[in-house]
Amino acid sequence: MLTFTRVLLCAVLLAMAGLVQAADPITIKFAHVVADNTPKGQGALLFKKLAEERLAGKVRVEVYPNSSLFGDGKEMEALLLGDVQMLAPSLAKFEQYNKKIQIYDLPFLFDNLEAVDHFQAGKGKELLLAMQDKNILGLAYWHNGLKQLSANKKMVEPKDARGLKFRVQASSVLEEQFKALRANPRKMSFAEVYQGLQTGVVNGTENTWSNYESQKVNEVQPFFTESNHGLIDYMVITNASFWKGLTPEVRDELEKIVAEVTLEVNRQAEALNQSARQKIIDSRTSQVVTLTREQREKWRETMKPVWKTFESEIGTDLINAAQASNQQAQ
Ligand code: LMR
């Protein structure tokens, strides 16, 4: 009897092994809200390329750019429900999941992307794991770049922004930033920005050159002010249960690919933004206002009080570490 049972058990295990071997590839849906010709858009496509090459037959990646599968306000819920497996939202969109990530929205905090690199490799790294209690796992940070202002009027000094309606991401810090300018912030999804500016629902906004150019925002914004007043960066995230459910072989390889893609995205980001800036200038649709050191200092002085408002939520330790990263980047 024992022999028969063992034979039967072996047969069942072999059959299961066969099934697993012949199992369909795992499908990873990677959704985001920007165009392909942006740092994040290129990163998602490179992730797909490498994952399907190195895990051929085991993993399929479907990339959904431009809010084509899920947009702002829907993408995080979709991740938690398992309707999408990877996202890379702007760091301004995590407020309801962890207040400390608001640090990345503080105006004039980071001098440049090198400083951001230092912070993300140091104290900022802990924030990747800060949402696991909500089943959200941070895999990496990807750069976009520093933000510029845009409006339907020329803005050289903070007073020029008074009374204007500015589109902001879903971020309390960014709302307060524009209130500090005595302007009127309006939370709006990224997909609605062009039409919002075209119809006058909002008069201005803030974003990186690559997001402005790839969404043709310069067609509906006659003025840009090169303020470099804040940051748009991303956290590449996955559903923690999904990621832990992968086989160690697949998970390890995907993590190596994420690390490789991160280096490439961060290497390319600045060049992509400078190229987008030049395209906007060459298009002659808009005037790009550059600021003198003194003029830029006035914007910093007007916006910086926002730090105090959020210091208790973010933590002095993180703010000090971020400021120290500017010294490291010099
Ligand atoms: C925005 O909403 O302006 C940005 O988060 C878009 C993006 O993901 O770069």
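Thresholds applied
- Residues numbered from 1 in each chain as written.
- Predicted model: local features only at pLDDT ≥ 70, side-chain atom pairs only at ≥ 80, totals over all residues.
- Heavy atoms only, no water.
- Salt bridge = Lys/Arg side-chain N within 4 Å of Asp/Glu carboxyl O.
- Helix = DSSP H or I, 4+ residues; strand = E, 2+ residues; numbered from the N terminus.
- Buried < 20%, exposed > 50% of the residue type's maximum accessible area, 1.4 Å probe, protein only.
- Phe/Tyr/Trp six-rings, centres within 6.5 Å; stacked < 30°, edge-to-face > 60°.
- Arc of directions from axis to C-beta.
- Contact = heavy atoms within 4.5 Å.
- Pairing = 2+ DSSP bridges.
- Right-handed = clockwise from strand over helix to strand, strands pointing away.
- Axes fitted to C-alpha atoms, helices over the stretch in contact; angles between N-to-C directions.
- Parallel < 35°, antiparallel > 145°, perpendicular 65-115°, else oblique.
- Left-handed = near helix turned anticlockwise from the far one by under 90°.
- Nonpolar A, V, L, I, M, F, W, Y, C, P; charged D, E, K, R; others polar.

Participant: Describe the pattern of salt bridges, naming the residues involved and giving the relevant values.
Facilitator: According to the stated counting rule, one finds 19 salt bridges in the structure shown. With a shortest N-O distance of 2.7 Å, Arg54 and Glu260 are connected by a salt bridge. With Arg54 in helix α2 (residues 39-54) and Glu260 in helix α9 (residues 248-283), this pair connects stretches of sequence that are 206 residues apart. Judged by relative accessible area, which is 37%, Arg54 ranks as partly exposed. Overlapping salt bridges bring together Lys123, Glu126 and Asp317 as one network.

Participant: Residue-level account of the packing of aromatic side chains, with values.
Facilitator: Inspection of the entire model under this criterion finds eleven aromatic pairs. Summarising the aromatic geometry, the rings of Tyr104 and Phe110 are spaced 6.1 Å apart at their centres and angled 25° between planes, so their arrangement reads as stacked. Residue Tyr104 is classed as buried on the basis of its relative accessible area, which comes to 2%. On the basis of an interplanar angle of 75° and a centroid distance of 4.7 Å, the ring pair of Tyr212 and Phe224 is categorised as edge-to-face. Here Tyr212 is found in helix α7 (residues 209-214), whereas its partner Phe224 is found in strand β9 (residues 223-226), with twelve residues between them in sequence. For Phe224, a relative accessible area of 0% puts it in the buried group.

Participant: Which residues make up helix α11 (residues 306-314), and what are the values?
Facilitator: Taken residue by residue, α11 has Val306, Trp307, Phe310 and Ile314 as its buried positions. Angular distribution of buried residues about the axis of α11 spans 90°; they occupy a single face of the element. Of the exposed residues in α11, the ones pointing more than 90 degrees away from its buried face are Lys308 and Ser312. If you follow the buried residues of α11, they end up packed against α5 (172-180), α10 (293-303) and α12 (316-328). Looking one or two residues beyond α11, the residue adopting positive phi is Gly315, at roughly 105°.

Participant: Describe the pairing of strand β2 (residues 59-64), naming the residues involved and giving the relevant values.
Facilitator: A regular strand places its side chains on the two faces of the sheet in alternate fashion. Relative to β2, strand β1 (residues 26-31) runs parallel, the two sharing six bridges. By the bridge assignment, Ile26 is partnered in β2 with Val59. Crossover β1 to β2 through α2 is right-handed.

Participant: How would you summarise the pairing of strand β10 (residues 231-239) if you had to cite specific residues and measurements?
Facilitator: Within β10, nine of the nine residues are buried, leaving the element largely enclosed by the surrounding structure. Burial of the side chains of β10 extends over both faces: Leu231, Asp233, Met235, Ile237 and Asn239 are buried on one face and Ile232, Tyr234, Val236 and Thr238 on the other. Taken together, the two bridges between strand β3 (residues 86-87) and β10 define a ladder with antiparallel strand orientation. Paired with Leu87 across the strands is Ile237, a residue of β10. Of the pairings in the sheet, the one linking strand β4 (residues 136-146) to β10 comprises nine bridges and is antiparallel in character. The residue bridging Gly138 from the neighbouring strand is Ile237, located in β10.

Participant: Any details on the packing of helix α4 (residues 113-121) against α12? Residues and values, ideally.
Facilitator: As a packed pair, α4 and α12 sit with axes 8 Å apart at the nearest point and diverge in direction by 130°. Between α4 and α12, the angle is such that the two are oblique. Handedness of the crossing formed by α4 with α12: right-handed. Every residue of α12 that contacts α4 at Ala115, His118 and Phe119 is listed here: Leu318, Ala321, Ala322, Ser325, Asn326 and Gln328. Here the residues of the contact of α4 with α12 sort into five nonpolar, four polar and no charged.

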